[in-house]
Amino acid sequence: MRSRGAWVRVAGAVVAGLLLYVAFPPLGAWWAAPLGIALVLAVVEGRRVRTAFGLGLLTGVAYQWPLLHWTGEYVGGVWLLLLVALTVVVAVPVALAPLVLRLPGAPLWAAALWVAGEAVIERWPFAGFPWAKLAFGQPGGPFAPLASLGGAPLVSFAVALSGAGLWALVRTLRSRRRAATLAGALVALLLGPIAGLATWPSVAADPPGPTITVAAVQGNVPRAGLDFNTQRRAVLDNHVAQTRRLADDVRAGRTPRPDLVIWPENSSDIDPIRNADAGAEIQAVTDEVGVPVVVGAVLSGTRDPDGTIVQGPRNTAIVWMPGTGPAATYTKRHILPFGEYIPLRPVARAVSSLVDRVTDFEPGTGSGVLTAGPARLGVVTCYEVVFDDAVRDAVRGGADLLTVPTNNATFGYSDMTYQQQGMSRIRAIEHDRAVVIAATSGQSAIVAPDGTLVARTGPLFTPGLLVERVPLRTTTTLATRLGPGPEWVLAGLGAAAVIAGVVVARRGSRA
């Protein structure tokens, strides 16, 4: 019987991880995340920390593997280094959960402990990889409006609290405990969704204010038959061609004239500052459309005469002006591990020789706010959208519109682009800003400040154009004003609960 119980716990840990995964886009079963939390708590309740850690590893693999396998599309099996690190970070709070589950008010402490784990993932490993935050699986659910109050950490807390409340409710019903315990479990289960629904009217409010027309250009990339250098030029040519089509549509009256055009990340992998032909092509089409074009470009690195790299290439957004050329720039500061740089390169090379295809990029600085026509544009380039500080800094820096220029062509037909879209929707709610997602190969999208998808392009790896009217907002949400405060408070509660759990456990063992 003991062996059968162990296998049930193993199966439960795996199913819990899969439930957390299916909450994310494109599956989008937001309600599965609380079920996953409830199940993992049921699995580890009463277990020793070492046993719970092993079960947490199983949950972490089942959660992270299907969610993040796209990271290996470019560099092969080396992404397993990332998977191992992230799985351990998930397993640690799961391992500590049995300590806090024995405390009064256990659902509160368990949820805070989960946020503490996510606070670690925000910063470690590899300067942080918080792609799998519970909040990012909630853009279509009742928890999402809470982002406007306490950001992504509060949404994650509410989801985990609801799951812990479900665990407590089932446990209470099975043990026929007193009414107060049952009431506490119900409050934990329902507080998050009820608070989210109560917050929704303020999130959905549409105050009067200025609007502009924005165009997102999706030029697409060639899939076969071209070597790397030729493909780089073809990608630039594709975005020029789509922008020229936009100009033709405006002249013909088929499309309203935009105030601003946004190209995706890597739309010009040829440095348009150093390569006159690329710069001339961009200038010509910018003059033709007659408004600023935000170009995602790779600026070349520099080397000493002996070949030593002085500065790596930079992933930069450039505001290209009609008549005058390049103006304001922002260089991506959160660069993607195993995509834009290789951590632990000697170790990674031993796992996969494909890592040598990646040249380490140079991270930038600044808030990412660019003056682009009538907008104060907050640029959050691709991977940066997962970081609370990157988006918050842009809004605090004066951005009245956000853009997520992204190159997802590298990751093929994976779910990466849909997951990123879900994150952008949470960020829109968090900061009350419209978000323009411009992708090389799809899906580009326009997101309203309440997180609603206003428009998006069609199938992946097709060219497309989006032209929509979007609001320019200068209001600040409570989440923007509080900054990282809610995360630190919740993470601190989680850490304090672990300490209290250790004290209680030691007293119990002495008794």
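In the block above lies the structure referred to throughout.
Residues numbered from 1 in each chain as written. Predicted model: local features only at pLDDT ≥ 70, side-chain atom pairs only at ≥ 80, totals over all residues. Heavy atoms only, no water.

Counting secondary structure elements, the chain contains 15 helices and 14 strands. Here the C-alpha atoms of the chain give a radius of gyration of 24 Å, agreeing with the 24 Å that 2.2 N^0.38 yields for 511 residues. When the backbone C-alpha atoms are referred to their principal axes, the chain occupies close to 80 × 55 × 35 Å. When each of the 511 residues of the chain is scored for burial, the buried share is 57%. Here the chain has roughly 20100 Å² of accessible surface; of this, 61% comes from carbon and sulfur atoms. Side-chain charges of the chain comprise 43 positive and 34 negative groups, with the mean position of each set lying 16 Å from the other. (Helix = DSSP H or I, 4+ residues; strand = E, 2+ residues; numbered from the N terminus. Rg over C-alpha atoms; globule rule 2.2 N^0.38 Å. Buried < 20%, exposed > 50% of the residue type's maximum accessible area, 1.4 Å probe, protein only. Areas by Shrake-Rupley, 256 points an atom, 1.4 Å probe, with all protein chains shown as cover. Lys, Arg positive; Asp, Glu negative; His and termini not counted. Charge placed at Lys NZ, Arg CZ, Asp CG, Glu CD.)

All told, the structure shown has 20 salt bridges when counted by the stated rule. Between E122 and K133 there is a salt bridge whose closest N-O contact spans 2.5 Å. Taken together, the residues span a long stretch of sequence, with E122 in the loop between α6 (106-121) and α7 (147-175) and K133 in the loop between α6 and α7 at a distance of 11 residues. Per residue, the accessibility class of E122 equals that of K133, and both read buried. Close ionic contact of R473 with D206 constitutes a salt bridge, the shortest N to O distance being 3.1 Å. (Salt bridge = Lys/Arg side-chain N within 4 Å of Asp/Glu carboxyl O.)

On to the sheet that holds strand β8 (residues 369-372). Pairing within the open sheet is mixed, and its six strands lie in the order β8-β9-β10-β11-β12-β13. Both edges of this open sheet fall to β8 and β13 (453-456), since each of them pairs with a single strand only. Going from strand to strand, the sheet's axes swing by 25 degrees on average, the running direction of each strand aside. Looking at chain direction, strand β12 (residues 445-447) and β13 are connected through three bridges and run antiparallel. Looking across to β13, one finds that I446 is bridged to A455. (Pairing = 2+ DSSP bridges. Axes fitted to C-alpha atoms, helices over the stretch in contact; angles between N-to-C directions.)

Each strand in a sheet pairs with another by means of backbone hydrogen bonds, the pair being arranged parallel or else antiparallel. With mixed pairing, six strands are arranged side by side in an open sheet as β7-β6-β3-β2-β1-β14. In the strand order of this sheet, the two ends are held by β7 (325-331) and β14 (464-471), each with one partner. The mean angle between the axes of side-by-side strands here comes to 30 degrees, regardless of whether they run parallel or antiparallel. Where strand β1 (residues 211-218) meets β14, eight bridges bridge the pair, whose relative direction is antiparallel. By the bridge assignment, V214 is partnered in β14 with E468. Running at roughly 40 degrees to strand β6 (residues 314-321), helix α10 (residues 276-289) makes contact with β2 (260-262), β3 (293-299), β6 and β7 of the sheet. (Contact = heavy atoms within 4.5 Å.)

A grouping of F53, V84, V88 and V92 is seen on the molecular surface, where their side chains present a nonpolar patch of about 280 Å² in accessible area. Top element by residues in the nonpolar patch is helix α5 (residues 79-101). It accounts for three residues. With respect to the helices and strands, the residue V84 is situated in helix α5. The exposure class assigned to V84 is exposed, which follows from its relative accessible area of 51%. (Patch = residues over 30% accessible without salt bridge, like charges linked within 9 Å, V, L, I, M, F, W, Y side chains within 5 Å.)

All right, on to helix α8 (residues 179-204) then. Over its 26 residues, α8 extends 37 Å from the first C-alpha to the last, a length consistent with the 38 Å expected when each residue adds 1.5 Å. In α8, a bend of some 40 degrees at L190 exceeds every other bend along the element, and P193, a proline, comes one to four places later. Looking at α8, one finds that the buried residues are A185, A188, L189, G192, P193, G196, T199 and V203. In this structure, the buried residues of α8 make contact with α6, α7 and α13 (416-431). (Expected span 1.5 Å × (residues − 1). Bend = angle between axes of the 7 residues up to and from the residue.)

Looking now at the packing of aromatic side chains. Here the structure, examined in full by the defined rule, presents seven aromatic pairs. A centroid spacing of 5.4 Å and a plane angle of 40 degrees characterise the contact between F129 and Y383, whose relative ring orientation is tilted. Of this pair, F129 sits in the loop between α6 and α7 while Y383 sits in the loop between β9 (375-379) and α12 (388-396), and the two are 254 residues apart along the sequence. Overall, the relative accessible area of 1% leaves F129 in the buried class. By the ring-pair criterion, three or more aromatic residues cluster together here, those being W70, W131 and F411. (Phe/Tyr/Trp six-rings, centres within 6.5 Å; stacked < 30°, edge-to-face > 60°.)

Inspection of the secondary structure puts T316 in strand β6. T316 sits in the buried class, given a relative accessible area of 2%. A distance of 2.9 Å separates the side chain of T316 from the side chain of T331, its partner in a polar contact. (Polar contact = N/O pair within 3.5 Å; in protein donor to acceptor, adjacent residues only side chain to side chain.)

Within the secondary structure, N407 sits in the loop between β10 (401-406) and α13. Of note is the side chain of N407, whose polar atom sits 2.9 Å from the side chain of T440. Setting aside anything within four residues of it in sequence, one finds N407 in contact with E265, N266, C382 and T440.

At their nearest, the axes of α7 and α13 sit 8 Å apart, and the two run at 140 degrees to each other. Regarding the angle of α7 to α13, the classification is oblique. On α13, the residues touching A147, S148, G151 and A152 of α7 are I426, R427, I429 and E430. Among the residues forming the contact of α7 with α13, the class breakdown is four nonpolar, two polar and two charged. (Parallel < 35°, antiparallel > 145°, perpendicular 65-115°, else oblique. Nonpolar A, V, L, I, M, F, W, Y, C, P; charged D, E, K, R; others polar.)

Once that is clear, we can look at the nonpolar core. Among the nonpolar cores identified, the biggest contains 103 residues, and L41, Y63, W114, F129 and W131 are the most heavily contacted of them. In terms of nonpolar packing, the next biggest core, distinct from the first, is built from 23 residues, I262, L370, L466 and V470 among them. (Core = buried A, V, L, I, M, F, W, Y, C linked by side-chain atoms within 4.5 Å.)

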